[in-house]
Amino acid sequence: VTTNGGGNWARSDSGLVSSAVSGFAIASGRTYAEGNALAKLEDGADAVTEIDEDALFQTLNRGSSSTVLTPVIESSGGLIAAVGDRIGRSLNDGVTWSLTGYSSTANDVVVDLAATTTAPSIYYASSAFTLQRSIDQGVTWTEIVAGLPAGESPGLIAIAPSDSATLYAGPRDPFSPDFIGMGVY
């Protein structure tokens, strides 16, 4: 962690049980670590708190796997998380989960999630084969791939902080072991 823009760094992983952190998700007052375990760090805390993934795995009917997540604004501890090809939603920092209406094709896997910080929140899910959006807190999802390279994964996604209607995608070859990028859209 750094508190001065990268001038000095200090180790801050006390309590972290994951051996592979694949990303971070930032919410007001807390930071989540995602990977082969989920954890959160409250602003100002010295230790990481593990999020119990068993409830998520049971809700999604998926075993242990790499997980991606993003905070949502429906509650102060709101999250959506994906394991494989399913997405769950929690309004209490991962204590309980409900299955969303997200659906995918065979052999697909969600690779990234994003959600707007304005109400009503819009959820986005990027998978190996498609990009989908939900405007009703995950009940229904619509494919939004017009203009993206056909046959490629939409890849990583991000919402512009200056305009929640602007979404960036970094398409890549879903079958390349090197995840060869196709530019930024």
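Quick caveat: nothing in here was measured; it's all calculated off a predicted structure.

Thresholds applied
Residues numbered from 1 in each chain as written. Predicted model: local features only at pLDDT ≥ 70, side-chain atom pairs only at ≥ 80, totals over all residues. Heavy atoms only, no water. Helix = DSSP H or I, 4+ residues; strand = E, 2+ residues; numbered from the N terminus. Rg over C-alpha atoms; globule rule 2.2 N^0.38 Å. Buried < 20%, exposed > 50% of the residue type's maximum accessible area, 1.4 Å probe, protein only. Areas by Shrake-Rupley, 256 points an atom, 1.4 Å probe, with all protein chains shown as cover. Lys, Arg positive; Asp, Glu negative; His and termini not counted. Charge placed at Lys NZ, Arg CZ, Asp CG, Glu CD. Pairing = 2+ DSSP bridges. Axes fitted to C-alpha atoms, helices over the stretch in contact; angles between N-to-C directions. Phe/Tyr/Trp six-rings, centres within 6.5 Å; stacked < 30°, edge-to-face > 60°.

Undergrad: Hey, could you run me through the overall build of the chain in this one?
TA: The helix and strand inventory of the chain stands at one helix and 14 strands. Taken over C-alpha atoms, the radius of gyration comes to 16 Å for the chain, in line with the 16 Å a tight globule of 185 residues would show. Along the three orthogonal principal directions, the C-alpha set of the chain runs to about 45 × 40 × 35 Å. The buried share of the chain, reckoned over its 185 residues, is 41%. Carbon and sulfur atoms form 53% of the exposed surface of the chain, whose accessible area is close to 9700 Å². Across the chain, the centroid of the 8 positively charged side chains sits 3 Å from that of the 20 negatively charged ones.

Undergrad: Please clarify how the sheet that holds strand β4 (residues 49-51) should be interpreted in this entry.
TA: The strands making up a sheet are joined through hydrogen bonds of the backbone, oriented either antiparallel or parallel. The strand order across the open sheet formed by four strands is β1-β2-β3-β4, and the pairing between neighbours is antiparallel. Single-partner strands in this sheet number two, and they are β1 (21-27) and β4. Between one strand axis and the next, the sheet turns through 25 degrees on average, direction left out of account. In the sheet, strand β3 (residues 38-42) pairs with β4 via three bridges, with the strands oriented antiparallel. Within β4, the position partnered with Ala39 by the bridge is Glu50.

Undergrad: Sorry, what's going on with the packing of aromatic side chains here?
TA: What characterises a pair of aromatic rings is the spacing of the ring centres plus the angle enclosed by the ring planes. Within this structure, the stated rule accounts for two aromatic pairs. Measuring from centroid to centroid gives 5.3 Å for Tyr102 and Trp141, while their planes differ by 90 degrees, and the two rings are edge-to-face. In this pair, Tyr102 sits in the loop between β8 (98-99) and β9 (110-115) while Trp141 sits in the loop between β11 (131-134) and β12 (142-143), placing the two residues 39 residues apart along the sequence. What makes Tyr102 buried here is its relative accessible area of 8%. Look at Tyr123 and Trp141: their rings are 6.4 Å apart centre to centre, the planes differ by 45 degrees, and that puts the pair in the tilted class. With Tyr123 in strand β10 (residues 123-127) and Trp141 in the loop between β11 and β12, this pair connects stretches of sequence that are 18 residues apart. Tyr123 sits in the buried class, given a relative accessible area of 0%.

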